[in-house]
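Each chain, letter by letter, is given below.
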Amino acid sequence: MRDQVATRVTGRPVALPVTVLMLLVVLAGCTSAPESAPDGRPAAGRWQPEPGTDWQWQLSGRLDTTVDAPVYDIDGFEHDAAQVARLHRKGRKVICYLSTGAWEEFRPDADDFPAAVLGKSNGWAGERWLDIRRTDVLQPLMEARIAMCAKKGFDAVEPDNMDGYRNRTGFPLTAADQLRYNRLIAGAAHRHGLSVGLKNDLPQIPQLVGDFDFAVNEQCAQYEECAQLSPFVKAGKAVFHVEYELPLARFCDGSRRLGLSSLLKKYELGVWRRQCPAAGN
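In this report, the structure presented in the accompanying data block is examined. Remember, predicted model here, so these are calculated numbers, not experimental data. (Residues numbered from 1 in each chain as written. Predicted model: local features only at pLDDT ≥ 70, side-chain atom pairs only at ≥ 80, totals over all residues. Heavy atoms only, no water.)

## Some details on unusual backbone geometry
- Of note, the phi angle at Asn200 is positive, near 55 degrees, even though the residue is not glycine.
- You will see that Leu269, though not glycine, has its phi angle at about 50 degrees, which is positive.
- As for its placement among the helices and strands, Leu269 is situated in the loop between strand S11 (261–264) and strand S12 (274–275).
- Residue classification places Leu269 among the buried positions, given a relative accessible area of 0%. (Helix = DSSP H or I, 4+ residues; strand = E, 2+ residues; numbered from the N terminus. Buried < 20%, exposed > 50% of the residue type's maximum accessible area, 1.4 Å probe, protein only.)

## Thoughts on the sheet that holds strand S6 (residues 127–130)
- One open sheet holds the three strands; their spatial order is S4-S6-S5, and the pairing between them is antiparallel. Sheet topology places strand S4 (102–104) and strand S5 (118–121) at the edges, where each strand pairs with a single neighbour. The mean inter-strand angle of the sheet, taken between neighbouring strand axes irrespective of direction, is 40 degrees.
- Summarising the sheet, S4 and S6 pair through three bridges and their orientation is antiparallel. Following the sheet pairing, Glu104 is matched in S6 by Glu127. (Pairing = 2+ DSSP bridges. Axes fitted to C-alpha atoms, helices over the stretch in contact; angles between N-to-C directions.)

## Quick word on the packing of helix H2 (residues 135–151) against helix H3 (residues 175–191)
- The interhelical angle for the contact between H2 and H3, taken along N-to-C directions, is 35 degrees, at an axis separation of 10 Å. The element H2 and its partner H3 pack so that their crossing is right-handed. In this structure, H2 contributes Thr135, Leu138, Gln139, Met142, Glu143 and Ile146 to the contact, and H3 contributes Arg180, Tyr181, Leu184, Ile185, Ala188, Ala189 and Arg191.
- Grouping the constituent residues of the contact of H2 with H3 by class yields eight nonpolar, two polar and three charged. (Left-handed = near helix turned anticlockwise from the far one by under 90°. Contact = heavy atoms within 4.5 Å. Nonpolar A, V, L, I, M, F, W, Y, C, P; charged D, E, K, R; others polar.)

## What about the state of the cysteines?
- Within this structure, the stated rule accounts for three disulfides.
- Disulfide pairing is shown between Cys96 and Cys149; the S-S distance is 2.1 Å. On the S-S bond that ties Cys96 to Cys149, the torsion sits near -55 degrees, and the link is left-handed. With Cys96 in strand S3 (residues 93–99) and Cys149 in helix H2, the pair connects residues that are 53 residues apart, well separated along the chain. With respect to burial, Cys96 and Cys149 carry one shared label: buried.
- Here Cys252 pairs with Cys276 through a disulfide, and the sulfurs are 2.1 Å apart. The sign of the S-S torsion, about -85 degrees, decides the handedness of the disulfide formed by Cys252 and Cys276: left-handed. Taken together, the positions of Cys252 in helix H6 (residues 248–258) and Cys276 in the segment after S12 put the pair 24 residues apart, joining distant regions of the chain. An identical accessibility class is assigned to Cys252 and Cys276; each is buried.
- Here the disulfide map of the chain reads 1-2, 3-4, 5-6, the bonded cysteines being numbered as they appear in the sequence. (Disulfide = S-S within 2.5 Å.)

So this is what it looks like as structure tokens:
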């Protein structure tokens with residue numbers, strides 16, 4: 001989600017309540033060294049999407065598995081292992097969308113979040129920023145969510161709302177708090193064998209490119225920020241990018257030059273998508 005700019009559909013269906021396993025594995029050193037080579041390239045053993053890889057991002061509506069894209073990014077709670085397996089049989093890699101920086105009242109584990117860690121609304125109905133300084137509370141909750149993604153067979157995680165320090169959250173969050181928390185989430189994903197993407201948070205890309213396996217960005221062309229994503233491309237890591245308000249002609253040439261995987265989508269992030277045409281078309 002962009003700073004104070006809503007870019008996801010509100011009012012997703014309420015999931016059936018389930019008991020969340022509280023994983024009590026808390027590793028020391030939340031700001032541990034990146035799990036990548038010194039040049040920022042990914043460590044061996046995890047799926048690594050390369051720059052320019054096409055993708056589909058669908059967070060609302062009935063899942064359409066017929067879109068011809070090698071990567072799908074879908075909601076981790078609302079899709080089961082059978083749907084992930086169906087995409088795998090079609091040769092797709094599948095990313096698990098989770099909100100790790102904001103609380104959502106419609107998630108099955110919503111009651112496990114104490115009121116003390118819930119801040120101001122992030123602009124979406126039923127969602128509130130989390131106090132990411134409280135890693136004692138949030139780490140086991142997020143570890144349980146990431147474990148859910150791994151159990152369902154996902155290949156990667158897209159953790160959302162990872163730039164609370166740049167927003168009015170109700171907490172005095174700092175850039176250092178955000179770095180610590182983002183690395184905590186990346187480490188949890190890697191422990192479960194999953195790749196992980198950095199969502200937005202452009203100012204911290206230089207510090208975080210070694211911790212994350214790809215990036216997900218909204219509207220960098222509209223805000224003239226896309227060049228800031230170049231460290232990911234230079235490290236051989238995909239940048240999955242969407243615009244909502246610009247026509248393809250306004251951003252596709254720049255996306256190709258930078259090596260981004262760009263789409264035009266509608267704000268509700270349904271099935272509809274438009275790809276940038278091939279060069280010369």
